[in-house]
Amino acid sequence: GAVVSQHPSRVICKSGTSVKIECRSLDFQATTMFWYRQFPKKSLMLMATSNEGSKATYEQGVEKDKFLINHASLTLSTLTVTSAHPEDSSFYICSARSATSGLAKNIQYFGAGTRLSVL
Amino acid sequence: GDSVTQMEGPVTLSEEACLTINCTYTATGYPSLFWYVQYPGEGLQLLLKATKADDKGSNKGFEATYRKETTSFHLEKGSVQVSDSAVYFCALSDQGGFKTIFGAGTRLFVKA
């Protein structure tokens, strides 16, 4: 089955630093990737949708200057949390969707998530 | 807009009990419906899906039937195991597959 690798799985950083999270589709080309944020015991909140080679589309209320998303290739998207603060501490999950044959088009394949703790 | 509503948890069951987690949706057109499972500390995994009315998705003993007349997609399992303890998310994807909307999630605890 399709595999999405997300790295790192856990990161602890000081307030004011920037953190980069990588999301890679290992065995398929991900034309679209999604970044979610999950608060404790809550559902997933879609932050942004990115398509390879174009700017990400952010959901209302998500600061694009704070959460920088780059989808430079068909297998890699990155989320950078800039000048992180304690309120940015959360579980961030990426997912990837393929438009190519061989994989169901409407299925999102999820990474294992990154737990960010900002001190 | 489109939305998904699922029963609040947590749901606590004994091993081998029957499970039903209710899920209803509102959507225009003909969405695809999904159940995802999240084990502690992990991302989401697709459990099952249905893409049109009356389809039944099934996997690992779990089943859900796409009921357009009642706009429901309830998750069922006849005999749960301790290893089924997780959070279950009902979700829908619009016709174009551009966006997936998740329910709030239902936490299941299964006791031995």
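Quick caveat, the model's predicted, so the values are computed rather than measured.

Structural notes on the pairing of strand β6 (residues 44-50) of chain B
Residues and elements named next belong to chain B.
Then, in step 1: The pairing of strand β5 (residues 32-38) with β6 spans six bridges and is antiparallel. The residue bridging L33 from the neighbouring strand is A50, located in β6.
Then, in step 2: Taken together, β5 and the strand that follows it, β6, pair antiparallel across an intervening segment of five residues, in which G41 is found at a positive phi of about 75°.

Re the sheet that holds strand β3 (residues 19-25) of chain A
All names here are of chain A.
Then, in step 1: The four strands lie next to each other as β1-β3-β8-β7, forming an open sheet whose pairing is antiparallel. Both outer strands of the open sheet, β1 (4-7) and β7 (67-73), are each paired with one neighbouring strand and no more. For this sheet, the mean inter-axis angle between neighbouring strands, taken without regard to orientation, is 15°.
Then, in step 2: Of the pairings in the sheet, the one linking β7 to strand β8 (residues 76-81) comprises five bridges and is antiparallel in character. Within β8, the position partnered with I69 by the bridge is L79.

About the criteria used
- Residues numbered from 1 in each chain as written.
- Chains lettered and ligands numbered in written order.
- Predicted model: local features only at pLDDT ≥ 70, side-chain atom pairs only at ≥ 80, totals over all residues.
- Heavy atoms only, no water.
- Pairing = 2+ DSSP bridges.
- Helix = DSSP H or I, 4+ residues; strand = E, 2+ residues; numbered from the N terminus.
- Axes fitted to C-alpha atoms, helices over the stretch in contact; angles between N-to-C directions.

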